[in-house]
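These are the residues of each chain, in order.
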Amino acid sequence: MTAIGEKGVQDPSVQIHAAEETPRGYGSMKRKEDARFVRGRGQYVDDVVLPGMLHGAVLRSPLAHARITSIDTSAAEAHPKVHAVITGATLEGLGLAWMPTLSQDTQAVLATDKVRFQGQEVAFVVADDRYAARDALALIDVEYEPLEPVIDAKRALEAGTPVIRTDKEGKTDNHIFDWESGDRSATDAVFAEAEAAEDQLVVVQDMIYPRVHPAPLETCGAIADMDPVTGKLTLWTTTQAPHAHRTLYALVAGLPEHKIRIISPDIGGGFGNKVGIYPGYVCAVVASIVTGVPVKWMEDRSENLMSTSFARDYHMRGEVAVTRDGRIRGVRVHVLADHGAFNATAQPTAFPAGFFGVFTGSYDLEAAHCAVTGVYTNKASGGVAYACSFRITEAVYLIERMVDVVAHDLGMDPAELRMRNLLRPEQFPYQSKTGWEYDSGDYPHTLQVALDKAGYQELRAEQADRRRRFADAQRSGAGPAGTAGEPVKLMGIGLSFFTEAVGAGPRRSMDILGLGMADGAELRVHPTGKAVLRVSCQSQGQGHETTFAQIVAQELGLSPDDIDVVHGDTDQTPFGLGTYGSRSTPVSGAATAMVARKVRERAKIVAAAMMEVSADDLEWDDGRWQVAGDPDASRSMADIAMAAHSNLELPEGVEGHLDATCVYNPPNLTYPCGAYICVVDVDPGTGAVDVRRFVAVDDCGMRINPMIVEGQVHGGLADGVGMALMQCIAFDLDGNCLGGSMMDYLLPTSLECPSWELGETVTPSPHHPIGAKGVGESATVGSPPAVVNAVIDALAPYDVRHADMPLTPAAVWCAAQGHPLRPDLGIT
Amino acid sequence: MQITVSVNGESHVRDVEPRLLLTHFLRDELRLTGTHWGCDTSNCGACVVRLDGVPVKSCTVLAVMADGAEVTTVEGLAHGRTDADLDPVQEGFMVCHGLQCGFCTPGMMLTSRALLDRDPAPSAATIREAISGQICRCTGYENIVRSVQWAAAKEAATRDAADADTDSSEALA
């Protein structure tokens, strides 16, 4: 058993990688980008100052649902430092009052008819400085006629509920879409059998994955610089998808695409928050066109939390058909999806519920079916925006919570139940009952590694002892505080096993607004053997400048220090869809390996010419092209690069130089997996939860830079603790956002997070050029159910079967008293 | 109001609005953009600088309150431009992967530097306590703790080496 002493003190046996000497390829090395970050020389959007730049600020609605009867901007316009005030009416004249969303809906840029959520954009002020711009907001007089807000998603479709999207012709309700996946009749048949058979049962549980917000530390913003002479728009902006944004601005604003340059400099965290196009960006562009000078807009924290893309808000009913000896036969799910006032979720076109279809999880089922209904409410729009791998967070939470509910009802150990139902290694590639082809994995092995690492049996023994002491204390009348002043805390052990599906995606089936999800890469090797790689994906802290250089280094036998990675500027990089859904390494990383291999093949021809041998006689060995069987006859990439640029005679039809481009179209998604075990102590008197340990064994295939991979997992685990215990964007029934600042929207600090204990198994993706699977979101996806399962497990003496996130002290205490809270609404 | 503020050892005289926040003074007036802004409510600590040695959240300090004070920002941590000039805390963050997006990093490093100045060998729990008023959305904190421990170990080794030098020169004398 691994021993952890003082909280936060790491056991030395715990795996962790720190930077070593720079390897010639894969391995833990210092990140190239850190040299500027530790010196405070990163360049985030708000650090950029352009000559003559003005500042914008957005006036927002205080009401969730109201008709706008008038807007008087005259006092603001009279402010001596104000240059322009833009309203919905201004934009209407330009045809820009509404913009398309990433889900084929429309969204108001500045409200014209109604406001539809608290914090919605109503007007935009342009002034000399940021203080003056905000002063002027107070001078705008907006008259509202309040309307009844629709806050409870469960009421959105009821008769008589006000219609939110009156702007849509003929719209008479708040319904957005119905979507289903799997075989309904086969699933119903399995459930009918299970209900009828004495040796089987159907387990049902309702659960909410509440609305959360990714809250990157840097908020969203932009600087629009429309050159009135050349007609070229340069937009410095917080975007995870610069190329997609360029195309969208071209489509939205009618600007010629070659006259748009998107620069996404250093990004202070994204997590999905910076995928969409927000009204503030569009306003900054319009303001620059109107004023003829650059205009900067940076939102404040409340604007970020209240108006930009939220995540989750899934109201789910899970049903499992299972034999009494623990064989899971089928899963059936109904989801009510709250999409807010505009359907602006970011996901591939054919997937309105994202990849929720992966809800069958890691288990071998006979049948599965889900039905998802999307509805409008008077809340901010968004939906897929928080390291969720297109809603696999919701899917994994559903199935992993359900498995624990099944274990509870069967009186079976949740580890044993999982082990009995996990897919077996020989079943891969596995065709899931909802149409996904899982590429590879050895799930029982991964789970066993985690169980061993955690010391699972010893933990259960400790828990049994703790429960005996708790029961004794209860019997003796000492209550939860225990006897002799020694409180007996309840101990909980929670598991989750997740399968992710990342790296969107194959062009034939995945696109965003018609843009296929393939990524380009371009590689130039200079005459002296130094190289520049250009990629379309956009780091928000993932370390692409290092990892992608390492991929090239591994393929070409160069040092990563000799390779620069250019990204975040559409004028300098090839087209691609950007960084979200853990797709960078699976897609752009694959493009990088493939373009390097193209260069390597060209180098082979050049090396053959240099040594006057046939290229067929050469073999690639330790970073050099070598005559087979003759180690003395070889050429390094640097030698070859110089020769490729020289007057060396090359075979007919072979061009000189060592430059190449490629586009990578993934043949399938990649399927990382992992087994997580969380240990909590719960104070039954206060409901406070202390995460004592967290063991995470991830299988993300090939690890390019183990140190960076572990960092990605750490961050996701903190997210999971946050979502399970603290984070929630709730609303009161008037539509007031109750999570509009960091005072109310609680994010985990160093004190809520334990010292993470990581492990790994490695099952390379069989179809990815380097066997990598992506890891950015694995821990965010996989960890919330482990934490929740642990807390519910701790509450076993109170016979709690389920309670919804976030499991705040109040929520835990109420659940223990038999009165679970509804977290999404500010009522109890 | 006219104020005189020494920032990283350099004196600056400016006429500022009384309401100007210290973070905006540093960022907009002095163009020292290593100090970030993240929340408005003193929760995140992306704006932490040292005011007369004490870590403060510069989003809730007025620039006029820094009149006559010495401010240290991330730009003042290193002694020069080369890697050898980096503060051990900066080195530790690089070696132990204590940062990802880099946005919280300046504040985290300044708090860590202040901690090591008063407690050269802090326990992991002490480090967690010291940075608990700041938020990192990327690292899950573990590697920040390790980074600070790395810096503490390096400084201890440097001190030991200096002591050994002193001992040997005393022995020679």
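Since the structure is predicted, the reported quantities are computational estimates derived from the model, not experimental observations. (Residues numbered from 1 in each chain as written. Chains lettered and ligands numbered in written order. Predicted model: local features only at pLDDT ≥ 70, side-chain atom pairs only at ≥ 80, totals over all residues. Heavy atoms only, no water.)

**Observations concerning the domain arrangement of chain B**
Residue and element names in this part refer to chain B.
Then, number 1: The assigned domain composition of chain B is domain 1 (1–76) and domain 2 (81–173).
Then, number 2: In this complex, domain 1 contributes 16 residues to the contact, which on the side of domain 2 involves 14 residues.
Then, number 3: Between the two partners, domain 1 and domain 2, sit 1 salt bridge.
Then, number 4: Residue Asp117 is joined to Arg50 by a salt bridge in which the shortest nitrogen-to-oxygen separation is 2.9 Å. (Domains from an automatic or database assignment. Contact = heavy atoms within 4.5 Å. Salt bridge = Lys/Arg side-chain N within 4 Å of Asp/Glu carboxyl O.)

**Here we look at the interface of chain A and chain B**
Then, number 1: Residue-level contacts link 62 residues of chain A with 54 residues of chain B.
Then, number 2: The junction of chain A with chain B conceals about 4700 Å² of combined surface from both sides, 55% of it contributed by carbon and sulfur atoms.
Then, number 3: Ranking the residues of chain A by area buried against chain B places Arg39, Tyr131 and Leu217 of chain A at the top, with a combined share of 17%.
Then, number 4: The tally of links between chain A and chain B comes to 6 salt bridges. (Buried area = accessible area lost by both parts, 1.4 Å probe.)

**Brief notes about the packing of aromatic side chains**
Then, number 1: Per the stated rule, a full pass over the model turns up 23 aromatic pairs over all chains.
Then, number 2: Taken together, a centroid distance of 5.0 Å and an interplanar angle of 90 degrees make the contact between Tyr44 of chain A and Phe103 of chain B edge-to-face. Pair noted here: Tyr44 of chain A is in the loop between helix H1 (34–37) and strand E1 (54–60) and Phe103 of chain B is in the loop between helix H2 (88–95) and helix H3 (105–118), and the two residues belong to different chains.
Then, number 3: Through successive ring pairs, a cluster of aromatic residues spans Phe351, Phe355, Phe390, Trp436 and Tyr580 of chain A.
Then, number 4: A cation over a ring is seen here: Arg211 of chain A above Phe310 of chain A, with NZ or CZ 3.3 Å from the ring centre.
Then, number 5: Here the guanidinium or amino end of Arg332 of chain A rests over the ring plane of Phe191 of chain A, the centre of that ring lying 4.1 Å away. (Phe/Tyr/Trp six-rings, centres within 6.5 Å; stacked < 30°, edge-to-face > 60°. Helix = DSSP H or I, 4+ residues; strand = E, 2+ residues; numbered from the N terminus. Lys NZ or Arg CZ within 6 Å of the ring centre and 35° of its normal.)

**Re the environment of Val762 of chain A**
Then, number 1: For Val762 of chain A, the location among the structural elements is in the loop between strand E34 (757–760) and helix H17 (778–794).
Then, number 2: Linking Val762 of chain A and Thr22 of chain A, residues 740 residues apart in sequence, is a C-alpha distance of 23 Å.

**Focus: the side chain of His802 of chain A**
All names here are of chain A.
Then, number 1: Looking at the secondary structure, you find His802 in the loop between H17 and helix H18 (809–816).
Then, number 2: A polar contact of 2.7 Å, which involves the side chain of His802, links it to the side chain of Asp804.
Then, number 3: Setting aside chain neighbours within four positions, we find His802 in contact with Gln205, Asp206, Met207, Tyr397, Arg401 and Ile792. (Polar contact = N/O pair within 3.5 Å; in protein donor to acceptor, adjacent residues only side chain to side chain.)

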